[in-house]
Amino acid sequence: MRIKQAHIPYIANKIVLDIINSSFVYVKDDIEKLKASSKEILEQDLFKERSLDERVKELLEEQEDEMEFMQVDRKNMFWLVKKKLAAEFGVILNLEDRYNDIAHKILSTLVDSDFINYDVSENRVKNLIFSSIQNYLKTYESLEDEVYEKISNYKRKLVPGSEEFDIVFDKLYQEELKKRGML
(Lines give C-alpha, C1' and ligand atoms only; values in the text may rest on other atoms or scores of the structure.)
Protein backbone atom coordinates (compact mmCIF):
# COMPACT_ATOMS: atom_id res chain seq x y z
CA MET A 1 0.00 0.00 0.00
CA ARG A 2 1.19 3.50 -0.82
CA ILE A 3 1.61 6.21 1.77
CA LYS A 4 -1.03 8.93 1.56
CA GLN A 5 -0.82 12.45 2.97
CA ALA A 6 -3.24 11.59 5.79
CA HIS A 7 -0.99 8.71 6.91
CA ILE A 8 2.17 10.76 7.37
CA PRO A 9 1.60 12.08 10.93
CA TYR A 10 0.56 8.61 12.10
CA ILE A 11 3.53 6.91 10.48
CA ALA A 12 5.93 9.49 11.96
CA ASN A 13 4.35 8.90 15.35
CA LYS A 14 4.63 5.10 14.97
CA ILE A 15 8.30 5.39 14.02
CA VAL A 16 9.05 7.50 17.10
CA LEU A 17 7.07 5.19 19.40
CA ASP A 18 8.93 2.16 18.08
CA ILE A 19 12.26 3.93 18.53
CA ILE A 20 11.40 4.93 22.09
CA ASN A 21 10.22 1.41 22.95
CA SER A 22 13.24 -0.31 21.46
CA SER A 23 15.94 -1.43 23.86
CA PHE A 24 18.79 -0.46 21.55
CA VAL A 25 18.02 3.11 20.48
CA TYR A 26 18.56 6.00 22.89
CA VAL A 27 16.64 9.21 22.35
CA LYS A 28 18.87 12.22 23.02
CA ASP A 29 16.43 15.02 22.23
CA ASP A 30 12.76 15.97 22.34
CA ILE A 31 10.56 13.36 20.67
CA GLU A 32 8.67 16.10 18.84
CA LYS A 33 11.85 16.83 16.91
CA LEU A 34 12.09 13.17 15.92
CA LYS A 35 8.47 13.22 14.75
CA ALA A 36 8.98 16.44 12.80
CA SER A 37 12.08 15.09 11.06
CA SER A 38 10.38 11.81 10.16
CA LYS A 39 7.29 13.65 8.95
CA GLU A 40 9.36 15.98 6.78
CA ILE A 41 11.14 13.09 5.03
CA LEU A 42 7.84 11.29 4.40
CA GLU A 43 6.33 14.50 3.00
CA GLN A 44 9.32 15.10 0.74
CA ASP A 45 8.96 11.62 -0.69
CA LEU A 46 5.25 12.10 -1.28
CA PHE A 47 5.89 15.49 -2.91
CA LYS A 48 8.40 13.96 -5.33
CA GLU A 49 5.86 11.37 -6.43
CA ARG A 50 3.12 13.97 -6.81
CA SER A 51 5.44 16.06 -8.97
CA LEU A 52 6.18 13.02 -11.10
CA ASP A 53 2.48 12.20 -11.46
CA GLU A 54 1.70 15.77 -12.50
CA ARG A 55 4.44 15.74 -15.13
CA VAL A 56 3.19 12.43 -16.51
CA LYS A 57 -0.35 13.83 -16.71
CA GLU A 58 0.94 16.88 -18.58
CA LEU A 59 2.79 14.71 -21.08
CA LEU A 60 -0.22 12.49 -21.64
CA GLU A 61 -2.51 15.49 -22.12
CA GLU A 62 -0.12 16.82 -24.77
CA GLN A 63 -0.40 13.49 -26.61
CA GLU A 64 -4.12 12.93 -26.03
CA ASP A 65 -5.08 13.03 -29.71
CA GLU A 66 -2.43 10.51 -30.77
CA MET A 67 -3.33 8.18 -27.90
CA GLU A 68 -7.00 8.30 -28.89
CA PHE A 69 -6.15 7.66 -32.53
CA MET A 70 -3.94 4.70 -31.62
CA GLN A 71 -6.47 3.47 -29.04
CA VAL A 72 -3.88 3.38 -26.29
CA ASP A 73 -5.02 2.56 -22.76
CA ARG A 74 -4.42 5.74 -20.75
CA LYS A 75 -3.80 3.89 -17.49
CA ASN A 76 -1.11 1.67 -19.00
CA MET A 77 0.47 4.60 -20.78
CA PHE A 78 0.51 6.56 -17.52
CA TRP A 79 2.39 3.74 -15.81
CA LEU A 80 4.87 3.34 -18.67
CA VAL A 81 5.68 7.06 -18.77
CA LYS A 82 5.89 7.17 -14.97
CA LYS A 83 8.39 4.30 -15.00
CA LYS A 84 10.46 6.09 -17.62
CA LEU A 85 10.58 9.39 -15.67
CA ALA A 86 10.83 7.98 -12.12
CA ALA A 87 14.62 8.13 -11.87
CA GLU A 88 14.67 11.71 -13.14
CA PHE A 89 12.35 12.71 -10.27
CA GLY A 90 14.15 10.53 -7.71
CA VAL A 91 11.12 8.32 -7.15
CA ILE A 92 11.51 4.63 -6.37
CA LEU A 93 8.46 2.77 -7.67
CA ASN A 94 8.99 -0.56 -5.90
CA LEU A 95 7.29 0.06 -2.55
CA GLU A 96 9.55 -2.18 -0.48
CA ASP A 97 12.65 -0.51 -1.91
CA ARG A 98 11.04 2.87 -1.44
CA TYR A 99 10.19 2.31 2.22
CA ASN A 100 13.70 0.97 2.77
CA ASP A 101 15.11 4.18 1.26
CA ILE A 102 12.81 6.33 3.40
CA ALA A 103 13.86 4.40 6.53
CA HIS A 104 17.50 4.99 5.67
CA LYS A 105 16.91 8.73 5.15
CA ILE A 106 15.04 9.01 8.45
CA LEU A 107 17.79 7.19 10.30
CA SER A 108 20.51 9.34 8.72
CA THR A 109 18.63 12.52 9.59
CA LEU A 110 18.02 11.47 13.20
CA VAL A 111 21.68 10.51 13.67
CA ASP A 112 23.09 13.55 11.85
CA SER A 113 20.84 15.83 13.91
CA ASP A 114 22.09 14.04 17.06
CA PHE A 115 18.53 13.13 18.08
CA ILE A 116 19.32 9.44 18.69
CA ASN A 117 22.15 7.07 19.41
CA TYR A 118 22.28 3.27 19.25
CA ASP A 119 24.55 0.42 20.22
CA VAL A 120 23.67 -2.04 17.45
CA SER A 121 24.26 -2.12 13.72
CA GLU A 122 22.83 0.70 11.63
CA ASN A 123 20.91 -1.87 9.62
CA ARG A 124 19.01 -3.05 12.69
CA VAL A 125 17.80 0.48 13.47
CA LYS A 126 16.91 1.07 9.82
CA ASN A 127 14.92 -2.18 9.85
CA LEU A 128 13.07 -0.97 12.94
CA ILE A 129 12.01 2.18 11.07
CA PHE A 130 11.15 0.17 7.94
CA SER A 131 9.01 -2.20 10.05
CA SER A 132 7.24 0.76 11.63
CA ILE A 133 6.21 1.99 8.18
CA GLN A 134 5.16 -1.47 6.99
CA ASN A 135 3.26 -2.30 10.18
CA TYR A 136 1.36 0.97 10.13
CA LEU A 137 0.29 0.46 6.53
CA LYS A 138 -0.84 -3.12 7.21
CA THR A 139 -2.73 -2.03 10.31
CA TYR A 140 -4.34 0.91 8.49
CA GLU A 141 -6.33 -1.33 6.16
CA SER A 142 -7.85 -3.39 8.99
CA LEU A 143 -8.40 -0.28 11.14
CA GLU A 144 -10.18 1.50 8.34
CA ASP A 145 -12.55 -1.48 7.91
CA GLU A 146 -13.27 -1.56 11.64
CA VAL A 147 -14.02 2.17 11.74
CA TYR A 148 -16.32 1.94 8.71
CA GLU A 149 -18.11 -0.95 10.40
CA LYS A 150 -18.62 1.06 13.59
CA ILE A 151 -19.95 4.03 11.62
CA SER A 152 -22.36 1.80 9.70
CA ASN A 153 -23.81 0.64 13.04
CA TYR A 154 -24.65 4.18 14.15
CA LYS A 155 -28.37 4.82 14.60
CA ARG A 156 -28.07 8.02 12.64
CA LYS A 157 -26.66 7.34 9.20
CA LEU A 158 -23.66 9.45 8.22
CA VAL A 159 -22.99 10.28 4.60
CA PRO A 160 -19.46 9.28 3.49
CA GLY A 161 -17.52 12.35 2.41
CA SER A 162 -19.53 14.73 4.56
CA GLU A 163 -17.78 16.86 7.15
CA GLU A 164 -19.61 15.08 9.96
CA PHE A 165 -18.57 11.66 8.60
CA ASP A 166 -14.94 12.76 8.37
CA ILE A 167 -14.94 14.07 11.95
CA VAL A 168 -16.47 10.87 13.32
CA PHE A 169 -14.14 8.74 11.20
CA ASP A 170 -11.04 10.62 12.46
CA LYS A 171 -12.18 10.36 16.08
CA LEU A 172 -12.86 6.63 15.86
CA TYR A 173 -9.68 6.05 13.90
CA GLN A 174 -7.56 7.78 16.54
CA GLU A 175 -9.30 5.79 19.28
CA GLU A 176 -8.40 2.55 17.49
CA LEU A 177 -4.79 3.70 17.08
CA LYS A 178 -4.64 4.44 20.83
CA LYS A 179 -6.02 0.99 21.64
CA ARG A 180 -3.24 -0.57 19.56
CA GLY A 181 -0.54 1.63 21.09
CA MET A 182 0.16 3.46 17.85
CA LEU A 183 -0.74 6.95 19.05
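Heads up: the structure comes first, above all this text.
Residues numbered from 1 in each chain as written. Predicted model: local features only at pLDDT ≥ 70, side-chain atom pairs only at ≥ 80, totals over all residues. Heavy atoms only, no water.

Engineer: How should the overall build of the chain be read in this particular structure?
Structural biologist: Per the secondary structure count, the chain includes seven helices and two strands. Mapped in sequence order, the helices and strands of the chain form the string α-β-α-α-α-α-β-α-α. Summarising its shape, the C-alpha atoms of the chain cover approximately 60 × 50 × 20 Å along the three principal directions. Split into buried and exposed, the 183 residues of the chain put 37% on the buried side. Counting contacts in the chain only where the partners sit at least 6 residues apart, residues at least 24 apart contribute 69% of the total. (Helix = DSSP H or I, 4+ residues; strand = E, 2+ residues; numbered from the N terminus. Buried < 20%, exposed > 50% of the residue type's maximum accessible area, 1.4 Å probe, protein only. Contact = heavy atoms within 4.5 Å.)

Engineer: In this structure, what is going on with the packing of helix 2 (residues 31-62) against helix 4 (residues 74-89)? I would like to understand it.
Structural biologist: A packed helix pair is summarised by two numbers, namely the angle formed by the two axes and the spacing between the axes. Here helix 2 crosses helix 4 at 130 degrees, and the two axes come no closer than 9 Å. With respect to helix 4, the element helix 2 is oriented oblique. Once helix 2 is placed against helix 4, the crossing between them reads as right-handed. Residues Lys-48, Glu-49, Ser-51, Leu-52, Asp-53, Arg-55, Val-56, Lys-57, Leu-59, Leu-60 and Glu-61 of helix 2 touch helix 4, and the partners they reach there are Arg-74, Met-77, Phe-78, Val-81, Lys-82, Leu-85, Ala-86 and Phe-89. For the contact of helix 2 with helix 4, the residue count by class is ten nonpolar, one polar and eight charged. (Axes fitted to C-alpha atoms, helices over the stretch in contact; angles between N-to-C directions. Parallel < 35°, antiparallel > 145°, perpendicular 65-115°, else oblique. Left-handed = near helix turned anticlockwise from the far one by under 90°. Nonpolar A, V, L, I, M, F, W, Y, C, P; charged D, E, K, R; others polar.)

Engineer: Where do I start with helix 4 in this structure?
Structural biologist: An α-helix turns once per 3.6 residues; consequently, residues spaced three or four apart project the same way. Relative to the 22 Å expected for 16 residues at 1.5 Å per residue, helix 4 spans 21 Å between its end C-alpha atoms, a close match to the ideal helical length. The sharpest bend along helix 4 measures roughly 35 degrees and falls at Lys-83. Listing the buried residues of helix 4 in full gives Phe-78, Val-81, Lys-82, Leu-85 and Ala-86. In this fold, the buried residues of helix 4 make contact with helix 2. Phi turns positive one or two residues past the end of helix 4, at Gly-90, with a value near 75 degrees. (Expected span 1.5 Å × (residues − 1). Bend = angle between axes of the 7 residues up to and from the residue.)

Engineer: Any chance you could explain helix 2 here in plain terms?
Structural biologist: Under the 1.5 Å per step criterion, the end-to-end length of helix 2 is 47 Å for 32 residues, consistent within 8% with the ideal 46 Å. Those residues of helix 2 lying buried are Leu-34, Ser-37, Ser-38, Ile-41, Leu-42, Asp-45, Leu-46, Glu-49, Leu-52, Asp-53, Val-56 and Leu-60.

Engineer: When you look at unusual backbone geometry in this model, what are you seeing that I'm missing?
Structural biologist: Leave glycine aside and you will find that most residues have negative phi; peptide bonds, for their part, are mostly trans. Despite not being glycine, Asp-114 shows a phi value in the positive range, around 60 degrees. With respect to the helices and strands, the residue Asp-114 is situated in the loop between helix 5 (95-112) and strand 2 (116-118). Look at Asp-114 and you get partly exposed, because its relative accessible area is 42%.

Engineer: Explain the side chain of Lys-14 here, please?
Structural biologist: With respect to the element layout, Lys-14 can be found in helix 1 (residues 8-21). Leave out the neighbours within four places in its chain, and Lys-14 touches Ser-132, Asn-135, Tyr-136 and Met-182.

Engineer: Before we go on, may I ask you to explain the nonpolar core in this structure?
Structural biologist: Most often, soluble globular proteins keep nonpolar side chains buried together rather than apart. In terms of nonpolar packing, the biggest core is built from 42 residues, with Ile-3, Ile-19, Ile-116, Ile-133, Tyr-136 and Tyr-173 touching the most fellow members. In terms of residue count, helix 6 (residues 122-152) provides more of this core than any other element does, eleven residues in total. Discounting chain neighbours no more than four positions away, the residues touching Ile-116 are Ile-19, Val-25, Tyr-26, Val-27, Lys-28, Leu-34, Leu-107, Leu-110 and Val-111. In this structure, Leu-52, Val-56, Leu-60 and Leu-85 belong to the second largest nonpolar core, which totals eight residues. (Core = buried A, V, L, I, M, F, W, Y, C linked by side-chain atoms within 4.5 Å.)

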